[in-house]
Amino acid sequence: MLDVTKTALPGIGVSMPVVVERDAMHYLKIAVSGPMRALPQFAPPKLIELSGRIAQAGEKPLVSLFRYRRFGSDGSVDLDVGMTTTGTPALDDVAMAELPAGRYATLSYTGPYDRLYDAFCMLQGWIEARGLVACGEPSEPDCQAELYRIGPMQTNDPMQWQTDLLVKLAQ
């Protein structure tokens, strides 16, 4: 998380949030845990590992994602490092999971990953200002996810990275 005086960067942006109805989305996952501040060190390498394993199984990796499962009061985080594929290969130590169908608050963010926390804060503020309620508890969201539409696997330019932020809403 960046210092509050360093979050601005010319060229980054977020779309206006919107509520959408989403179908369930299946993905392959590796569960990881660690300190939230160290997430860039321990989670992204698992995406590279998962992508390689999917490719070795003869499938094509599609959308990469992080699904946040738990936020600890000690600053820790439990999350799924996941990827959708063209098929469902059986891989050791990799499980199938699902982003559940339902109503989601979502926005699209363009820019480097070190500002994603601030984009999520904006989405959370919009949810609250609109009188909407997220499913689950703040420390254990039912479904809070980042879908990486364009990321380091597609381009080395972080200013072109596009991430969809999703928060499942209570009906």
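Up top is the structure these notes are about.
Read on for a plain summary of the structure. (Residues numbered from 1 in each chain as written. Predicted model: local features only at pLDDT ≥ 70, side-chain atom pairs only at ≥ 80, totals over all residues. Heavy atoms only, no water.)

### A few points about helix α2 (residues 44-56)
Compared with the 18 Å implied by 1.5 Å per residue over 13 residues, the 19 Å span of α2 between its first and last C-alpha is a close match. Where α2 is concerned, the buried positions are Leu-47, Leu-50, Ser-51 and Ile-54. Each buried residue of α2 lies within a common arc of 100° when the element is viewed along its axis, so the set occupies one face. Seen from the open side of α2, the exposed residues pointing more than 90 degrees away from its buried face are Ile-48 and Gln-56. The inward-facing, buried residues of α2 abut β3 (25-35), β4 (61-71), β5 (76-85) and β10 (144-150). Of the residues flanking the end of α2, it is Gly-58, one or two places downstream, whose phi is positive at about 85°. (Helix = DSSP H or I, 4+ residues; strand = E, 2+ residues; numbered from the N terminus. Expected span 1.5 Å × (residues − 1). Buried < 20%, exposed > 50% of the residue type's maximum accessible area, 1.4 Å probe, protein only. Arc of directions from axis to C-beta. Contact = heavy atoms within 4.5 Å.)

### Details of the packing of aromatic side chains
One pass over the structure, following the stated rule, counts 5 aromatic pairs. With centroids separated by 5.5 Å and ring planes inclined at 20°, the aromatic side chains of Tyr-68 and Phe-71 adopt a geometry described as stacked. Ring centres of Tyr-113 and Tyr-148 lie 5.2 Å apart, and the angle between their planes is 55°; on these two criteria the pair is classed as tilted. One end of the pair, Tyr-113, is in the loop between β7 (102-110) and α3 (116-129); the other, Tyr-148, is in strand β10, and 35 residues separate them in sequence. Classification of Tyr-113 as partly exposed rests on a relative accessible area of 27%. The class of Tyr-148 is buried, set by a relative accessible area of 6%. Taken together, Phe-66, Tyr-113, Tyr-148 and Trp-161 form an aromatic cluster joined through their ring pairs. Across from the ring centre of Tyr-104, 5.9 Å away, lies the NZ or CZ of Arg-22, which sits over that ring. (Phe/Tyr/Trp six-rings, centres within 6.5 Å; stacked < 30°, edge-to-face > 60°. Lys NZ or Arg CZ within 6 Å of the ring centre and 35° of its normal.)

### Concerning α3
Compared with an ideal rise of 1.5 Å per residue, which puts 14 residues at 20 Å, α3 spans 20 Å between its outermost C-alpha atoms and is within 8% of the ideal. Looking only at α3, the buried set comprises Leu-116, Asp-118, Ala-119, Phe-120, Leu-123, Trp-126 and Ile-127. For α3, the elements touching its buried residues are β1 (13-14), β2 (18-22), β4, β7, β10 and β11 (162-168). Of the residues one or two after α3, Gly-131 is the one with positive phi, at around 75°.

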